[in-house]
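Inside the fold
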There are 2 protein chains.
Amino acid sequence: MKLNQATDYAFRAVLHLSCLPRGRVVEARLIAEEQKIPMRFLLKILRLLTLAGIVESYRGVNGGYVLARAPAEITMLDVVEAIEGPIKINRCLIAPEECSRRAVKHCPVHKTLFSIQQALAGEFKKRNFQELCESAK
Amino acid sequence: MKLNQATDYAFRAVLHLSCLPRGRVVEARLIAEEQKIPMRFLLKILRLLTLAGIVESYRGVNGGYVLARAPAEITMLDVVEAIEGPIKINRCLIAPEECSRRAVKHCPVHKTLFSIQQALAGEFKKRNFQELCESAK
DNA sequence: CCATTAGTATACCATTTAAGTCTACTTTAT
DNA sequence: ATAAAGTAGACTTAAATGGTATACTAATGG
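The paragraphs below set out a description of the structure included in this document. (Residues numbered from 1 in each chain as written. Chains lettered and ligands numbered in written order. Predicted model: local features only at pLDDT ≥ 70, side-chain atom pairs only at ≥ 80, totals over all residues. Heavy atoms only, no water.)

A word on the overall build of chain A
Along the backbone of chain A there are 8 helices and 2 strands. Along its sequence from the N terminus, chain A presents helices and strands in the succession α-α-α-β-β-α-α-α-α-α. Of all intrachain contacts in chain A linking residues separated by at least 6 positions in sequence, the fraction that spans at least 24 positions is 65%. When the accessible area of chain A is evaluated, it comes to approximately 7,000 Å², of which 51% is carbon and sulfur surface. (Helix = DSSP H or I, 4+ residues; strand = E, 2+ residues; numbered from the N terminus. Contact = heavy atoms within 4.5 Å. Areas by Shrake-Rupley, 256 points an atom, 1.4 Å probe, with all protein chains shown as cover.)

This is the structure in structure tokens:
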């Protein structure tokens, strides 16, 4: 029931970018130093954020990363899912075949967990990086 | 961001007991068979539930487990915490010393995660085993 | 056009955690 | 006394986590 360290780093990296003037490209190295994230590990995280369309990357001299859209349009859920994939709090919700048919049919636990999962996703979705950046000031 | 398999088993074990006539003592073996939980593993889980005061155990012939209180008084949060300990979605909330002072002071991420954590715990707390048992029928 | 800077792609590694099993022991009813 | 049932804790295997290393590609600018 815990977020990855990578997700925590991702929050901080996206927050860092969110607090910069819109459109400013910044190298991974600077984010790593500023946010105290191991450089190589951060690069992996930034790759995931890029693939998820949260940031854009530029290679070569003067390269780096920028937010792909306005901070207000990026939620914590976007970031969590970019790093960890869709939120699934329960094994059976991921692989229903792991539950015996009996369990699935008779066990209300799974239905309930699903609704809790939805609520949790909703909480992450409520928070965007413009707000986060404002409360950082 | 996922519950342990053990927690899922625990839900099912407590649900099983919740649906029995009040005060009925039942051996682990029966729960294991009925709920398709590996016997030895279930025993470990029941031990945790016992220590948490959710079930009571009786040793020896005709021994087994009973709920320690009414199903309506047992929430999913009780069970989650019995198995996994207090809900902590973020590393830094567990071990604040792992965050640099800088992060803690300047980073609104941690404050936000804490409020999400509270919401999540609230969701688990809302659900009790009387309700679960009723929806099992 | 090539040297430098910066991101990309993979493979690798060490630790920790999860899930489950094994052996030996204690308690209790009959 | 014996069999049934829970308790204790060491042990095992596999996967996930967190991080590193190596080699590559792309872009810029002198």
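Picking up where we left off.
Describing the packing of helix α3 (residues 39-51) of chain A against helix α4 (residues 76-84) of chain A
Residues and elements named next belong to chain A. Running from N to C, α3 and α4 point in directions that differ by 115°, and their axes come no closer than 9 Å. As the angle between them shows, α3 and α4 are arranged roughly perpendicular. α4 is crossed by α3, and the crossing has right-handed handedness. Between α3, through Ile 45, Leu 48 and Leu 49, and α4, the contact on the second element is made entirely by Val 79, Ala 82 and Ile 83. Split into classes, the residues belonging to the contact of α3 with α4 amount to 6 nonpolar, no polar and no charged. (Axes fitted to C-alpha atoms, helices over the stretch in contact; angles between N-to-C directions. Parallel < 35°, antiparallel > 145°, perpendicular 65-115°, else oblique. Left-handed = near helix turned anticlockwise from the far one by under 90°. Nonpolar A, V, L, I, M, F, W, Y, C, P; charged D, E, K, R; others polar.)

Quick notes on the relation of the copies chain A and chain B
Of the two same-sequence chains, chain A is brought onto chain B (RMSD 0.0 Å, axial shift 0.0 Å) by a rotation of 180°. Taken together, the rotation and translation relating the two chain copies correspond to the operation of a two-fold axis. If distances are taken from each C-alpha of chain A to the rotation axis, the shortest is found for Met 1 of chain A, at 2.3 Å. Counting the interface residues of chain A, we find that 95% of their copies in chain B are interface residues as well, pointing to one common contact surface. (Least-squares fit on C-alpha atoms with pLDDT ≥ 70 in both.)

Regarding unusual backbone geometry
At Lys 36 of chain A, a residue that is not glycine, the phi angle is positive and equals roughly 55°. Backbone geometry places Asn 62 of chain B, a non-glycine residue, at a positive phi of 65°. Along the polypeptide, Asn 62 of chain B turns up in the loop between β1 (55-58) and β2 (64-67). Under the relative-accessibility criterion, Asn 62 of chain B is labelled exposed at 70%. (Buried < 20%, exposed > 50% of the residue type's maximum accessible area, 1.4 Å probe, protein only.)

Remarks on the nonpolar core
In this structure, Phe 11, Leu 49 and Phe 124 of chain A together with Phe 11, Leu 49 and Phe 124 of chain B are the most contacted members of the largest nonpolar core, which totals 84 residues. Sequence-distant contacts of Phe 124 of chain A, defined by excluding residues within four places in its chain, comprise Leu 3, Phe 11, Thr 75, Met 76, Leu 77, Val 80 and Ile 87 of chain A together with Ile 89, Leu 113 and Ile 116 of chain B. (Core = buried A, V, L, I, M, F, W, Y, C linked by side-chain atoms within 4.5 Å.)

Looking at the packing of aromatic side chains
Residue and element names in this part refer to chain A. One pass over the full model with this rule turns up 2 aromatic pairs over all chains. Consider the rings of Tyr 9 and Phe 41, whose centres lie 5.8 Å apart with planes at 85°: the pair is edge-to-face. One end of the pair, Tyr 9, is in helix α1 (residues 5-18); the other, Phe 41, is in helix α3, with 32 residues separating them in the sequence. (Phe/Tyr/Trp six-rings, centres within 6.5 Å; stacked < 30°, edge-to-face > 60°.)

So, the environment of Gln 118 of chain A
Residue and element names in this part refer to chain A. With respect to the helices and strands, Gln 118 occurs in helix α7 (residues 108-126). Under the relative-accessibility criterion, Gln 118 is labelled partly exposed at 45%. In this structure the C-alpha to C-alpha distance between Gln 118 and Ile 87, which are 31 residues apart in sequence, comes to 8.7 Å.

Geometric descriptors of this kind do not, in isolation, establish any biological role.
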